[in-house]
Amino acid sequence: HVALDVSLIIQTLKTKLRDPKPRGADRRTMITEFERLARDIATKADVRARDRSDIALSREVARAYQLYLDELPEIRARGDIELNLAGALVASNNYFDAGRLYQNMARRAKGAPRSKHLFNAIASYQKVLTAEHGSPVFQRVRANAGLRRSAQAYLRGGGAADELPRVKFIIAQTLYEQGQYGAAIARFVALASEHPSAAEARAGAELALDAYRAQEDYEGLARAGRRFLEIQGLLDESTHAQITTLV
């Protein structure tokens, strides 16, 4: 009943604020005390949910955080609670709303925090698009657009060097999962050329060859295979031997 507890605390605060007697420092102290109580209840429940991998409790915690943000829009802890809310949404498998929140936070941030929010938005939207049981159509359409915009913003901003291969792989993999094999191949090949030592580059090379197979383009598969064999540090011994046999 985390969300209910937070709601009751906030409603009690709003009732007390209608009393004109508390003023100045007394009024501010009262707001701070009730705000801290609501935040403490939500964050402790959040810790329990994550420790237990309790999806249902994480969903309840997300509702509590959202109530907090809706009812206390000017509070100084807003940024921290938004981060907590995004984490609770991910923990409850609500990747669509998590992606939207990360994207919104990125719009207000700069530098490294902005890149991190964009990276998390990209990863969340990818989960929507690659969900095993399929997300609602409107979510998939909006997640696809959100992923594209977030990825473009991330790449324009440079992003963290260690995360760039992952972001480029996610973009290419999403295209691959959607059956856009030509576009996916181009991005997988670029990833292999630009980041040959990254694990994502090796995985991307294999998916590029799979995309050629899906198109029954065996000449293209052979060309790409030979190109991958020429890139130093891209393939491990097993994959190198497999591709050598193919081409």
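Please refer to the structure higher up on the page.
Read on for an overview of the structure. (Residues numbered from 1 in each chain as written. Predicted model: local features only at pLDDT ≥ 70, side-chain atom pairs only at ≥ 80, totals over all residues. Heavy atoms only, no water.)

## Observations concerning a positive patch on the surface
The line we're drawing: Like-charged residues are merged into a patch within 9 Å and nonpolar side chains (Val, Leu, Ile, Met, Phe, Trp, Tyr) within 5 Å, provided each residue has over 30% relative accessible area and no salt bridge. Only the protein chains shown count as cover for residues, with accessible areas throughout obtained via the Shrake-Rupley method and a probe of 1.4 Å. A side-chain nitrogen of Lys or Arg and a carboxyl oxygen of Asp or Glu constitute a salt bridge if their distance falls within 4 Å. Residues counted as positive are Lys and Arg, residues counted as negative are Asp and Glu, and His and the chain ends are not counted. The location of each charge is read from NZ of Lys, CZ of Arg, CG of Asp or CD of Glu. Going along the chain from the N terminus, every DSSP run of H or I of four or more residues is numbered as a helix, and every run of E of two or more is numbered as a strand.
A contiguous patch of positive charge on the surface is contributed by R107, R142, R148 and R149. Ranked by residues supplied to the positive patch, first place goes to helix α7 (residues 137-156) with three residues. With respect to the helices and strands, the residue R149 is situated in helix α7.

## Section: the nonpolar core
To keep things clear, this is the line we draw: Residues grouped as a nonpolar core are buried Ala, Val, Leu, Ile, Met, Phe, Trp, Tyr and Cys residues, joined through side-chain atoms within 4.5 Å. Three labels apply to residues, based on accessible area from a 1.4 Å probe with only protein chains included: buried if under 20% of the type maximum, exposed if over 50%, partly exposed otherwise in between. Contacts were defined at the residue level, with two residues in contact if any of their heavy atoms lie within 4.5 Å.
Residues Y65, Y68, L85, I122, L147 and Y154 are the most contacted members of the largest nonpolar core, which totals 50 residues. In this structure, I122 is in contact with L147, S150, A151, Y154, V167 and I170, ignoring residues within four places of it in sequence. Counting 25 residues, the second largest nonpolar core, distinct from the first, contains Y176, A201, L209 and L235.

## Considerations on the packing of helix α4 (residues 78-91) against helix α5 (residues 95-108)
This is how it is decided: Every axis in this analysis is a line fitted to C-alpha atoms, fitted for helices over the stretch in contact. Angles between the N-to-C directions lie between 0 and 180 degrees. Between 65 and 115 degrees an angle is taken as roughly perpendicular, under 35 as roughly parallel, over 145 as roughly antiparallel, and anywhere else as oblique. Handedness of a crossing follows from how the near helix is turned relative to the far one, being left-handed for an anticlockwise turn of less than a right angle and right-handed for a clockwise one. Basically, the charged four are Asp, Glu, Lys and Arg, the nonpolar ten are Ala, Val, Leu, Ile, Met, Phe, Trp, Tyr, Cys and Pro, and anything else, Gly included, counts as polar.
At their nearest, the axes of α4 and α5 sit 8 Å apart, and the two run at 155° to each other. Put simply, α4 runs roughly antiparallel to α5. Viewed along their axes, α4 and α5 form a crossing whose handedness is left-handed. Note on element contacts: α5 touches α4 through Y95, D97, A98, L101, Y102, M105 and R108, opposite E82, L83, L85, A86, G87, L89 and V90. A class-by-class count of the residues in the contact of α4 with α5 yields ten nonpolar, one polar and three charged.

## Let's talk about helix α9 (residues 181-194)
Spelled out, the test is: A helix's residues, less one, multiplied by 1.5 Å, set its expected span. Throughout, the arc means that of the directions going from the helix axis to the C-beta atoms.
Look at α9: 20 Å from first C-alpha to last across 14 residues, which is about the 20 Å you get at 1.5 Å a residue. Those residues of α9 that sit buried are A184, I185, F188, V189, L191 and A192. For α9, the angular spread of buried residues about the axis comes to 160°, placing them on one side. For α9, the elements touching its buried residues are α8 (164-177), α10 (199-214) and α11 (218-230).

## Let's talk about the pattern of salt bridges
Tallied over the entire structure, the rule returns eleven salt bridges. R78 is the partner of E82 in a salt bridge, and the nearest nitrogen-oxygen pair spans 3.7 Å. One end of the pair, E82, and the other, R78, are both in helix α4, four residues apart, so they sit about a helical turn from each other. Judged by relative accessible area, which is 28%, R78 ranks as partly exposed. Ionic pairing is found between R108 and E82, a salt bridge with its closest N-O pair at 2.4 Å. One end of the pair, R108, is in helix α5; the other, E82, is in helix α4, and 26 residues separate them in sequence. Classification of R108 by relative accessible area gives exposed; the value is 53%. We classify E82 as buried; its relative accessible area is 7%.

## Regarding the packing of α5 against helix α6 (residues 111-129)
With their axes 8 Å apart at the nearest point, α5 and α6 run at an angle of 160° to one another. Taken together, the axes of α5 and α6 are roughly antiparallel relative to one another. Crossing of α5 against α6: the hand is left-handed. For the pair formed by α5 and α6, the contact residues are Y95, F96, A98, G99, R100, Y102, Q103, M105 and A106 on the first element and R114, H117, L118, N120, A121, S124, Y125, K127 and V128 on the second.

## Describing the side chain of H117
With respect to the secondary-structure elements, H117 resides in helix α6. Residue H117 is classed as buried on the basis of its relative accessible area, which comes to 11%. For H117, the contacting residues outside a window of four places in its chain are L83, Y102, M105, A106 and A109.

## A few points about unusual backbone geometry
In the Ramachandran plot, S53 falls in the positive-phi region, its phi being about 55° despite a non-glycine side chain. In this structure, S53 sits in the loop between α2 (24-52) and α3 (55-71). Of note in the backbone geometry, N93 takes a positive phi value of approximately 65° without being a glycine. Position of N93 relative to the elements: it lies in the loop between α4 and α5. What makes N93 partly exposed here is its relative accessible area of 43%.

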